[in-house]
Amino acid sequence: GQNIDQPTEMTATEGAIVQINCTYQTSGFNGLFWYQQHAGEAPTFLSYNVLDGLEEKGRFSSFLSRSKGYSYLLLKELQMKDSASYLCAVRDENTGTASKLTFGTGTRLQVTL
Amino acid sequence: ETGVTQSPTHLIKTRGQQVTLRCSSQSGHNTVSWYQQALGQGPQFIFQYYREEENGRGNFPPRFSGLQFPNYSSELNVNALELDDSALYLCASRGVNYGYTFGSGTRLTVV
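Every value quoted in this text rests on a predicted model; they were computed, and no experiment measured them.

Definitions and cut-offs
- The written sequence of each chain sets the order in which its residues are numbered from 1.
- In the order they appear in the text, chains get letters beginning with A and ligands get numbers beginning with 1.
- Per-residue local features are limited, in this predicted model, to residues with pLDDT of at least 70; the limit for side-chain atom pairs, both in listing and counting, is 80 or more; totals at the level of whole chains, interfaces and linings are taken over all residues.
- As a rule here, side-chain values cover all heavy atoms of the structure and leave hydrogens and water aside.
- Secondary structure elements are taken from DSSP: a helix is a run of H or I of four residues or more, a strand is a run of E of two residues or more, and numbering for both begins at the N terminus.
- Only protein chains enter the area calculation, which uses a 1.4 Å probe; residues under 20% of their type maximum are buried, those over 50% are exposed, and those in between are partly exposed.
- Pairs of N or O atoms within 3.5 Å make up the polar contacts considered here, provided that, within protein, one atom can donate a hydrogen while the other can accept it, and that residues adjacent in sequence are counted only when both atoms are side-chain atoms.
- Note on contacts: a residue pair qualifies if any of its non-hydrogen atoms lie within 4.5 Å across the two residues.
- Note on disulfides: each one is a pair of cysteine sulfur atoms within 2.5 Å.
- For two strands to pair, DSSP has to find at least two bridges joining them.
- Buried area: the accessible surface (1.4 Å probe) lost by two parts on joining, summed over both.
- Under the scheme applied here, ten amino acids are nonpolar (Ala, Val, Leu, Ile, Met, Phe, Trp, Tyr, Cys and Pro), four are charged (Asp, Glu, Lys and Arg), and all others, including Gly, are polar.
- Here a salt bridge means any side-chain nitrogen of Lys or Arg lying within 4 Å of a carboxyl oxygen belonging to Asp or Glu.

Residues and elements named next belong to chain A. Relative to the assigned elements, Q36 resides in strand 4 (residues 32-37). Since its relative accessible area comes to 12%, Q36 is described here as buried. Looking at Q36, its side chain comes within polar contact range of the side chain of Y86, at 2.9 Å. For Q36, the residues in contact, after removing those within four places along its chain, are A42, P43, T44, L46, K81, D82, A84, S85 and Y86.

Right, dumping it as structure tokens:
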């Protein structure tokens with residue numbers, strides 16, 4: 001089975017840096033995804049990690065440690081538009097073409113002035 | 001490159017009724033998955049289709065069923081609707097790489 005934990009809510013100030021943590025316990029692992037989801041909208045892809053280390057993409061970075069079952073999403077130079085839910089998801093199977101994403105409950109980030 | 005489109009965007013049904021939700025996959029994507037997202041929760045995997053065959057299923061009862069068509073569009077059917085089926089239903093298509101593209105979802109309300 002899969003168990004993915006992330007904080008429910010976080011608040012940060014515009015211009016600041018925030019780190020959203022995600023821990024997972026999975027029976028199989030084939031990559032970790034971060035998605036951003038604004039209220040009532042589709043999740044949009046932010047990052048993908050399958051090997052240990054840091055992946056940087058503009059203001060967003062994501063880190064993975066497979067041995068610790070741990071990832072974080074780092075958001076720099078926060079903007080008001082970054083207020084959204086951030087979903088951590090693990091791909092736990094890749095046997096043939098069957099692969100599903102198991103999501104955490106999401107972290108609701110509120111960016112304030 | 002076309003995105004993933006879902007219809008309808010919103011739907012209200014009565015308990016016990018049946019509903020069909022539709023998804024048009026992104027061009028070139030032959031794998032489609034359906035997810036249920038309750039308010040304040042992360043999406044939950046319902047099932048996945050590849051080349052018109054179901055090849056993965058989550059913990060959902062048989063009254064949740066699906067179809068994938070030769071053009072890779074897809075349907076999610078739910079029979080005997082229950083109040084707890086009220087949720088956002090998301091379709092995600094996947095191409096030959098690892099990427100998953102989500103549609104904007106269908107908001108289903110069961111009353």
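Text resumes after the structure shown.
Next up on the list: the side chain of D85(B). All names here are of chain B. Here D85 shows up in the loop between strand 8 (74-78) and strand 9 (87-94). The exposure class assigned to D85 is buried, which follows from its relative accessible area of 3%. Looking at D85, its side chain comes within polar contact range of the side chain of R63, at 2.8 Å. Not counting the four nearest positions on each side in its chain, D85 is found in contact with Q36, R63, F64, V78, A80, L108 and V110.

Looking now at the state of the cysteines. Residues and elements named next belong to chain A. Evaluated as defined, the whole model comprises 2 disulfides over all chains. Between the sulfur atoms of C22 and its disulfide partner C88 the distance amounts to 2.0 Å. Between C22 and C88 the sulfur-sulfur dihedral comes to about -65°; the bridge is accordingly left-handed. Taken together, the residues C22 in strand 3 (residues 18-26) and C88 in strand 9 (residues 84-91) connect sequence positions 66 residues apart.

Residues and elements named next belong to chain B. Here the amide bond leading from S7 into P8 is cis, since omega sits at -10°, within 30 degrees of zero. For P8, the position within the fold is in the loop between strand 1 (5-7) and strand 2 (10-13). Unusually for a residue other than glycine, Y72 sits at a positive phi of about 75°. Residue placement: Y72 occurs in the loop between strand 7 (64-68) and strand 8. By relative accessible area, Y72 is classed as partly exposed at 27%. Positive phi is not limited to glycine here, since A80 has a value of about 45°. Tracing the backbone through its elements, the reader meets A80 in the loop between strand 8 and strand 9.

Residues and elements named next belong to chain A. Sheet topology places strand 4 next to strand 5 (residues 44-49); 5 bridges connect them, and they run antiparallel. Residue W34 lies in a different strand from strand 5, and its bridge partner there is S47. Following strand 4, the chain reverses through 6 residues before pairing antiparallel with strand 5; G40 in that reversal takes a positive phi of roughly 75°.

With 20 residues of chain A at the interface, the matching set in chain B holds 18 residues. Taking both sides of the interface into account, the surface hidden between chain A and chain B amounts to around 1,700 Å²; carbon and sulfur atoms contribute 55%. Between the two partners, chain A and chain B, sit 3 residue pairs in polar contact (both at pLDDT 80 or more). A total of 3 residues in the side of chain A that touches chain B trace back to one element, the largest contributor, which is strand 4 of chain A. Of the residues in the side of chain A that touches chain B, the class split is 10 nonpolar, 7 polar and 3 charged.

Any two side chains of opposite charge can pair, so long as their charged atoms come close to each other. Residues and elements named next belong to chain B. Overall, the coordinates contain 7 salt bridges over all chains when judged by the stated rule. R57 is the partner of E54 in a salt bridge, and the nearest nitrogen-oxygen pair spans 3.3 Å. The exposure class of E54 is partly exposed, given its relative accessible area of 36%. By relative accessible area, which is 30% here, R57 ends up partly exposed. With a shortest N-O distance of 3.3 Å, R63 and E82 are connected by a salt bridge. In this pair, R63 is assigned in the loop between strand 6 (53-57) and strand 7 and E82 in the loop between strand 8 and strand 9, connecting sequence segments 19 residues apart. R63 gets classed as buried once you look at its relative accessible area, which sits at 17%. Ionic contacts of the salt-bridge type, sharing partners, join the residues R63, E82 and D85 into one network.

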